[in-house]
Amino acid sequence: MSIWNYVVTAHKPTNVTHSCVGNFTGPQELNLIVAKCTRIEIHVLSPQGLQPMLDVPIYGRIATLELFRPHGEAQDLLFVATERYKFCVLQWDAETSEVITRAMGDVSDRIGRPTDNGQIGIVDPDCRLIGLHLYDGLFKVIPFDNKGQLKEAFNIRLEELQVLDIKFLYGCPKPTIVVLYQDNKEARHVKTYEVALKDKDFVEGPWSQNNLDNGAELLIPVPPPLCGVLIIGEETIVYCSASAFKAIPVRPSITRAYGRVDADGSRYLLGDHNGILHLLVITHEKEKVTGLKIELLGETSVASSISYLDNAVVFVGSSYGDSQLIKINLHPDAKGSYVEVLERFVNLGPIVDFCVVDLERQGQGQVVTCSGAYKDGSLRIVRNGIGINEQASVELQGIKGMWSLRSATDDPYDTFLVVSFISETRILAMNLEDELEETEIEGFSSDVQTLFCHDAIHDQLVQVTSNAVRLVSSTTRELRNNWLAPAGYSVNVATANATQVLLAIGGGHLVYLEIGDGVLTEVKHIQLEYDISCLDINPIGDNPNHSQLAAVGMWTDISVRIFSLPDLNLITKELLGGEIIPRSVLLCSFEGISYLLCALGDGHLLNFVLNTSNGQLADRKKVSLGTQPITLRTFSSKNATHVFAASDRPTVIYSSNKKLLYSNVNLKEVSHMCPFNSAAFPDSLAIAKEGELTIGTIDDIQKLHIRSIPLGEHARRICHQEQTRTFAICSLKYNQSSAEDSEMHFIRLLDDQTFDFISTYSLDQFECGCSILSCSFSDDNNVYYCIGTAYVMPEENEPTKGRILVFAVEDGKLQLIAEKETKGAVYSLNAFNGRLLAAINQKIQLYKWMLRDDGSRELQSESGHHGHILALYVQTRGDFIVVGDLMKSISLLIYKHEEGAIEERARDYNANWMSAVEILDDDIYVGAENNFNLFTVRKNSEGATDEERGRLEVVGEYHLGEFVNRFRHGSLVMRLPDSDVGQIPTVIFGTVNGVIGVIASLPHEQYVFLEKLQTNMRKVIKGVGGLSHEQWRSFYNEKKTVDAKNFLDGDLIESFLDLNRNQMEEVSKAINVPVEELMKRVEELTRLH
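In this text, all values refer to a predicted model and were calculated from it rather than measured experimentally. Along each chain, numbering runs from 1 in the same order as the chain's sequence is written. Thresholds applied to this predicted model are a pLDDT of at least 70 for local features of residues and 80 or more for the giving and counting of side-chain atom pairs; totals over whole chains, interfaces and linings are not thresholded and use all residues. The basis for every side-chain value is the complete set of heavy atoms in the structure, and neither hydrogens nor water enter the calculation.

Q: Whenever I open this one, the overall build of the protein confuses me. Can you help?
A: Here a strand is any run of E in DSSP of at least two residues, a helix any run of H or I of at least four, and the numbering for each starts at the N terminus. Tallying secondary structure elements over the protein gives six helices and 87 strands in all. Note that the radius of gyration is over C-alpha atoms, with the globule rule given as 2.2 Å times the number of residues to the power 0.38. Relative to the compact-globule value of 31 Å for 1089 residues, the protein shows a C-alpha radius of gyration of 33 Å, a close match. Based on the C-alpha atoms only, the size of the protein along its principal axes is roughly 105 × 85 × 65 Å. For the protein, the exposed surface amounts to about 45,400 Å²; the carbon and sulfur share of it is 46%. In this count, Lys and Arg are taken as positive residues and Asp and Glu as negative ones, while His and the chain termini are left out. To locate a charge, take NZ of a lysine, CZ of an arginine, CG of an aspartate or CD of a glutamate. In the protein, 99 positive and 144 negative side-chain charges are present, and the distance between their average locations comes to 5 Å. Only the protein chains shown count as cover for residues, and the accessible areas themselves come from Shrake-Rupley with a 1.4 Å probe.

See the structure below:
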């Protein structure tokens, strides 16, 4: 049964809804704060660009984000209000690098009609009050006391019911708001009011302005010395104050966002609905405004927010495309643009549709999304894990180890690749044709297995074999010195860096050598009580060539020990527990934190935080990466150090926001890896896997890999056809050149490897694609693309006409095989028992595929079912049809073969405005609706009465906080049948904010265990701004709010892995399960995505 569901985010929201700039983390630090609907990111501006400081979830959808500074504060505070009427004031705590809550509260009213134009939250420039417009006809005031603390809120009646914008004016002795509103004749005006805090009322303000541009919808208050307000319309821009009125005409455009450039407010950046950026200048003599000027700067993504940072660098946040960091240059480029894009930030939102495909045919799903809107529309290919792009490969069996070497100490590139086998060592190098060929290093022993190699100082190379350490000149390649193992003993394990060598010799002997110019000196030799299984002296201190610490893994007592160098004193001993020996240890440092990684022979990895000054280990964590022994190596990519764990499930370990993250590499099994940064293949890795050696570059290090295919038009529906290796999309292109904004709709065919357009079919004027399907019909072996369309006429409320088009792909071209006119919009198409099931306006219609006498084919309508308001979303399974209605929730229909009729079997009698539906299993259906909730309903086949059987019973409810456009069965990860999670069915969803999420249906006992964990996690992890997780996840619409049931929040549960040890212990005590066991169970869940 799919009643018990686990909801988790695979890709976080990327749609930037708000951004602001100020001194939040310190009086001297300039911060960019970005809101992505349900997350807040804090960045600091440094000479190297934007550095992320914090990324936190907010238990609410952010409606307002404003920085302000009460009197007597050295730095800014952040005011956040959510769509569910909660607010908080956040402050940065420099000691813990976290945000703390200064104030919080609830501003909802028992009665009141929520505003149509979105919530408005504003802070008085002199910090006397915060104003909120949440309900029509009410203005809510939260006053400050003289210490900068918030007092009790109150409402003031506002005569204007259709408010478009409200702002506080600058430089007014009493707090004054300016209101832009529309009257009942659709004319637009501006009014000002003083807020009398004592009387809790409005006083008529200093001025007003009637009959503005009827596209006016944005107010920009101008700071002192000028003061006043700018009113931005579609065709005019007006400056207004008590003493002045200036207006200029502008090219028709809808301004979506603005950013102030100068502190005195004389210049503003304006971004419009086409992504065009303008500079608006207020010309003035001293404090008198003389006029307005507007200049075209260039094109950006369609902006939802604009934040001017410093030195002509601007952050452009976007909801419809990638966000950008741009520089505004003094001189235009060849195309006349002043805008230069410095950096792009990927945004998948809005995901209007997507499909799950396995393009590489490796058993790993990829999601191909229709992302963005208008000119920023694109397809995005999203897959889990890190890809290796193969540059060269050579067949070699039985590789036992690999190291890359340079031909001189200061050479930027590697020259040699040393490959070790059981009884010989081969050296490969790049020749002039950029091919790998075998070469010699005369001073190396080539007829034995090499245990370790490294570059050494003074242009030397060091090679360790079972009986000797050889020091060789990298320029002449001749032997300069060697150290021989004592008679009767052999070296078992070895490691080295540029100045030091550490050897383990049978019988528990540990020998430490130092490298000089042509000399190898034995400095220290100790004997331990057990044999040594692995060693590491990777330098992580200030000196890149010398380590002060050595990590040693032991047999028998299964421990890892830290020794000091050069004297080999034991500093720390950590017993690992269990019977499995450590196979690989590594000292490494990520983002300034030092770690000891220790890999065991059964695929487990332990990590400790290492205190380099005293060698102590803390914060022990254990994860399972595979089932085979792991070998650890560092490599660098894009100036950051990462660790590659080679095993049967190769993994890259990296750090983000000071947390260790693990990302699987899309390769089957890797036995050895080493960095190989040669001139021909910069930043590459050499990888040994079953019988071959590959050299390749590695993708950006992140959990999800995203490839963008910009279309320059808006893709709205997508479908994949395996047999023809193609995608078909319905898209629309906006034509901005003409005076009228016209749009053209297309069906386009794309190659599923190159993503090139290979064929296009243009739809009629006013006709747009609504649904798309790849299917075959009974008695016909061909596969077809079926497209459902609607004619959207300007004068009609609801389409009265549409078409179903059936195409075949022949020689890479779309051939129209049949078309059928319909009496409405074809909102959905499904393959149904060898027929075609269409949802047309209020009706569900079944078509069969008929052969005409002349051999051509046509669709013939067979049976139908009325009784919906608009049947928008349809899914089928067997003879059952599940319909998501515009406003009547979910209903279940059944096709009766004997009568050839479709009948309603059951329905959910709640009023839910649906946005997507999916069938989880035979009896459970999931729906998403327009208040950002998810719910599941169950078919009640066992009901005693007809009435009970006719009711779909709601079994699960959950507030997702995201608008879901589509569910699809599938998975983003390789499903390994051996793991517990391999058997768990999953459904993927895509949302307007660019979230890709997973709903996993869990077995009951696992659900009960995790529910207990979630309850206790809520006690340990407190929401930012004091917001309650329980309230946030409660199902919420205009009629009711009920606690979430039969849904778990995977994001909260998986954040268990980010807790510190003490918090983990606290949760572990509360539910009486050991920490290691909890970590293992939560780790498994992270594999679902």
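Picking up after the structure, the text goes on.
Q: Would you mind going over the packing of helix α5 (residues 1061-1071) against helix α6 (residues 1075-1086) with me for this structure?
A: Packed helix pairs are specified by the crossing angle of their axes together with the interaxial distance, meaning the distance between the axes. Their axes nearest at 9 Å, the elements α5 and α6 cross at an angle of 95 degrees. By the angle between their axes, α5 is roughly perpendicular relative to α6. Every residue of α6 that contacts α5 at Arg 1061, Met 1064, Glu 1065, Val 1067, Ser 1068 and Ile 1071 is listed here: Val 1075, Glu 1076, Leu 1078 and Met 1079. Each residue is assigned to one class: nonpolar for Ala, Val, Leu, Ile, Met, Phe, Trp, Tyr, Cys and Pro, charged for Asp, Glu, Lys and Arg, and polar for all the others, Gly among them. Split by residue class, the contact of α5 with α6 holds six nonpolar, one polar and three charged. Only the stretch in contact is used when fitting a helix axis, every axis being a line fitted to C-alpha atoms; angles between N-to-C directions are given from 0 to 180 degrees. Roughly parallel means an angle under 35 degrees; roughly antiparallel, over 145; roughly perpendicular, 65 to 115; everything else is oblique. Pairs of residues are marked as contacts when any of their non-hydrogen atoms sit within 4.5 Å.

Q: Can you walk me through the packing of aromatic side chains in this structure?
A: Each aromatic ring pair is characterised by the separation of its centres together with the angle its planes make. Two rings from Phe, Tyr or Trp (for Trp, the six-membered ring) form a pair when their centres are within 6.5 Å of each other. A pair whose planes differ by under 30 degrees is stacked, one over 60 is edge-to-face, and the rest are tilted. If you walk through the whole model with that rule in mind, you get 21 aromatic pairs. Ring centres 5.1 Å apart and planes at 80 degrees place the aromatic pair Tyr 320 and Tyr 374 in the edge-to-face group. Of this pair, Tyr 320 sits in the loop between β27 (313-318) and β28 (323-328) while Tyr 374 sits in the loop between β31 (366-371) and β32 (378-384), and the two are 54 residues apart along the sequence. A relative accessible area of 25% places Tyr 320 in the partly exposed class. Judged by centre distance (5.7 Å) and plane angle (55 degrees), the rings of Phe 590 and Tyr 595 are tilted. Tyr 595 matches Phe 590 in its accessibility class, with the two residues each being buried. Among the aromatic residues, those joined into a cluster by ring pairs are Phe 139, Tyr 193 and Phe 202. Between the NZ or CZ atom of Arg 426 and the centre of the ring of Phe 421, over which it lies, the distance is 5.3 Å. Counting as a charge over the ring demands two things of the Lys NZ or Arg CZ atom: a distance within 6 Å of the ring centre and an angle within 35 degrees of the ring normal. The ring of Phe 1009 carries the charged tip of Arg 1081 above its face, separated from the ring centre by 3.8 Å. Think of it in three bands: with a 1.4 Å probe and only protein chains considered, a residue is buried below 20% of the maximum accessible area for its type, exposed above 50%, and partly exposed in between.

Q: In this structure, what is going on with the sheet that holds strand β72 (residues 843-851)? I would like to understand it.
A: In sheet architecture, strand pairing relies on hydrogen bonds along the backbone and comes in two forms, parallel and antiparallel. On the basis of which strands lie adjacent, the open sheet formed by four strands has the order β70-β71-β72-β73 and antiparallel pairing. Each having just a single partner strand, β70 (826-832) and β73 (857-865) make up the two edges of the open sheet. Direction aside, neighbouring strands of the sheet carry axes that sit 30 degrees apart on average. At least two DSSP bridges between two strands are required for those strands to pair. Two strands pair when backbone bridges link them, and strand β71 (residues 835-840) and β72 are joined in this way by five bridges, in the antiparallel orientation. By the bridge assignment, Ile 840 is partnered in β72 with Lys 843.

Q: Explain a negative patch on the surface here, please?
A: Exposure above 30% relative accessible area and the lack of any salt bridge qualify a residue for a patch; like charges then connect within 9 Å, and the nonpolar side chains Val, Leu, Ile, Met, Phe, Trp and Tyr within 5 Å. Any Lys or Arg side-chain nitrogen located within 4 Å of an Asp or Glu carboxyl oxygen qualifies as a salt bridge. Together, Glu 433, Asp 434, Glu 435 and Glu 437 give the surface a local cluster of negative charge. A relative accessible area of 45% places Asp 434 in the partly exposed class.

Q: For this particular structure, what's the right way to read the pairing of strand β80 (residues 933-938)?
A: Regular strands place side chains that alternate from one sheet face to the opposite one. Of all six residues that make up β80, five are buried, and the element is covered over most of its length. As consecutive antiparallel partners, strand β79 (residues 924-929) and β80 are separated by three residues, and within that stretch Phe 932 has a phi angle of approximately 70 degrees, a positive value.

Q: Please explain α6 as it appears in this structure.
A: Residue pairs three or four apart in sequence face the same way in an α-helix, which turns once every 3.6 residues. Between its first and last C-alpha atoms α6 spans 17 Å; for 12 residues at 1.5 Å apiece the expected length is 16 Å, and the two agree. Within α6, the full set of buried residues consists of Val 1075, Leu 1078, Met 1079, Val 1082, Glu 1083, Glu 1084, Leu 1085 and Thr 1086. Summarising the contacts, the buried residues of α6 are in contact with β1 (5-11), β53 (617-624), α2 (1004-1020), α4 (1050-1054) and α5. To estimate how far a helix should extend, the number of its residues minus one is multiplied by 1.5 Å.

Q: Is there a simple way to explain the packing of α2 against α5 in this structure?
A: At their nearest, the axes of α2 and α5 sit 10 Å apart, and the two run at 135 degrees to each other. With respect to α5, the axis of α2 lies oblique. Between α2 and α5 the crossing geometry is right-handed. Between α2, through Lys 1012, Leu 1013, Asn 1016, Met 1017 and Val 1020, and α5, the contact on the second element is made entirely by Gln 1063, Glu 1066, Val 1067, Ala 1070 and Ile 1071. Take the far helix as your reference; a near helix turned counterclockwise from it by less than a right angle gives a left-handed crossing, and one turned clockwise gives a right-handed crossing.

Q: Sorry, what's going on with the environment of Ala 901 here?
A: Mapped onto the fold, Ala 901 is located in strand β77 (residues 901-907). Discounting residues that sit within four places of it in the chain, Ala 901 has contacts with Ser 863, Ile 894, Tyr 895 and Lys 896.

Q: Before we go on, may I ask you to explain the pattern of salt bridges in this structure?
A: Once the charged atoms of two side chains with opposite charge are near each other, the side chains can pair. A full pass over the atoms with the stated rule returns 52 salt bridges. With a closest N to O distance of 3.8 Å, Glu 159 and Lys 191 form a salt bridge. You can see Glu 159 sitting in the loop between β13 (154-157) and β14 (162-168) and its partner Lys 191 sitting in strand β16 (residues 188-196), a full 32 residues away along the chain. Between Arg 803 and Glu 767 there is a salt bridge, and its shortest N-O distance comes to 2.8 Å. One end of the pair, Arg 803, is in strand β68 (residues 802-810); the other, Glu 767, is in strand β66 (residues 767-775), and 36 residues separate them in sequence. One continuous salt-bridge network, built from bridges that share partners, spans Glu 529, Asp 557, Arg 561 and Lys 573.

Q: Any chance you could explain unusual backbone geometry here in plain terms?
A: Here Pro 224 and Pro 225 are connected by a cis peptide whose omega angle stands at 10 degrees. If you trace the backbone, Pro 225 turns up in the loop between β18 (218-221) and β19 (229-232). Even without glycine at this site, Cys 37 takes up a positive phi of about 60 degrees. Tracing the backbone through its elements, the reader meets Cys 37 in the loop between β3 (31-35) and β4 (39-46). Using a relative accessible area of 3% as the deciding quantity, one classes Cys 37 as buried. Residue Asn 841 is not a glycine yet carries a positive backbone phi of 50 degrees. Residue position: Asn 841 is located in the loop between β71 and β72.

Q: Teacher, can you tell me more about the nonpolar core here?
A: The tendency in soluble globular proteins is for nonpolar side chains to be buried as a group. Residues Tyr 6, Ile 40, Leu 78, Leu 934, Phe 967 and Phe 1056 are the most contacted members of the largest nonpolar core, which totals 80 residues. Of all the elements, α2 adds the most residues to this core, at six residues. Beyond its immediate sequence surroundings of up to four residues, Ile 40 is in contact with Ile 33, Val 34, Leu 54, Asp 55, Val 56, Ile 58, Ile 62, Leu 65, Leu 78 and Val 80. Buried residues of nine kinds, namely Ala, Val, Leu, Ile, Met, Phe, Trp, Tyr and Cys, make up a nonpolar core once their side-chain atoms join them within 4.5 Å. In this structure, Phe 452, Leu 461, Val 472 and Val 511 belong to the second largest nonpolar core, which totals 29 residues.

Q: Looking at this model, I keep getting lost on the pairing of β68. Mind explaining?
A: Buried residues dominate β68, accounting for eight of its nine residues. Bridge count for strand β67 (residues 784-791) against β68 is four bridges, and the pairing is antiparallel. Across the sheet, residue Tyr 785 finds its bridge partner in β68, namely Phe 807. Pairing analysis gives nine bridges linking β68 to strand β69 (residues 813-822), with the strands arranged antiparallel. Counted as the bridge partner of Phe 807 is Leu 816 from β69.

Q: I tried to follow the sheet that holds strand β10 (residues 120-123) on my own but got confused; where do I start?
A: In space, the four strands of this open sheet follow the order β10-β11-β12-β13, with antiparallel pairing throughout. The open sheet has two free edges, formed respectively by β10 and β13, since each of these has just one partner strand. For this sheet the average axis-to-axis angle between neighbouring strands, irrespective of direction, equals 25 degrees. In the sheet, β10 pairs with strand β11 (residues 129-133) via four bridges, with the strands oriented antiparallel. If you follow Ile 120 over to β11, its bridge partner there is His 133.

Q: I would appreciate a short explanation of α5 in the present structure.
A: For α5, the full list of buried residues reads Met 1064, Val 1067, Ser 1068 and Ile 1071. Each buried residue of α5 sits inside an arc of 100 degrees when the element is viewed along its axis, so together they form one side. The exposed set on the far side of α5, more than 90 degrees from its buried face, consists of Asn 1062 and Lys 1069. For α5, the secondary structure elements touched by its buried residues are β53, α2 and α6. A positive backbone phi angle near 60 degrees is found at Asn 1072, which sits one or two residues after α5. Summarising the geometry, the arc corresponds to the directions from the helix axis toward the C-beta atoms.

Shape is all these values report; function is a separate question.
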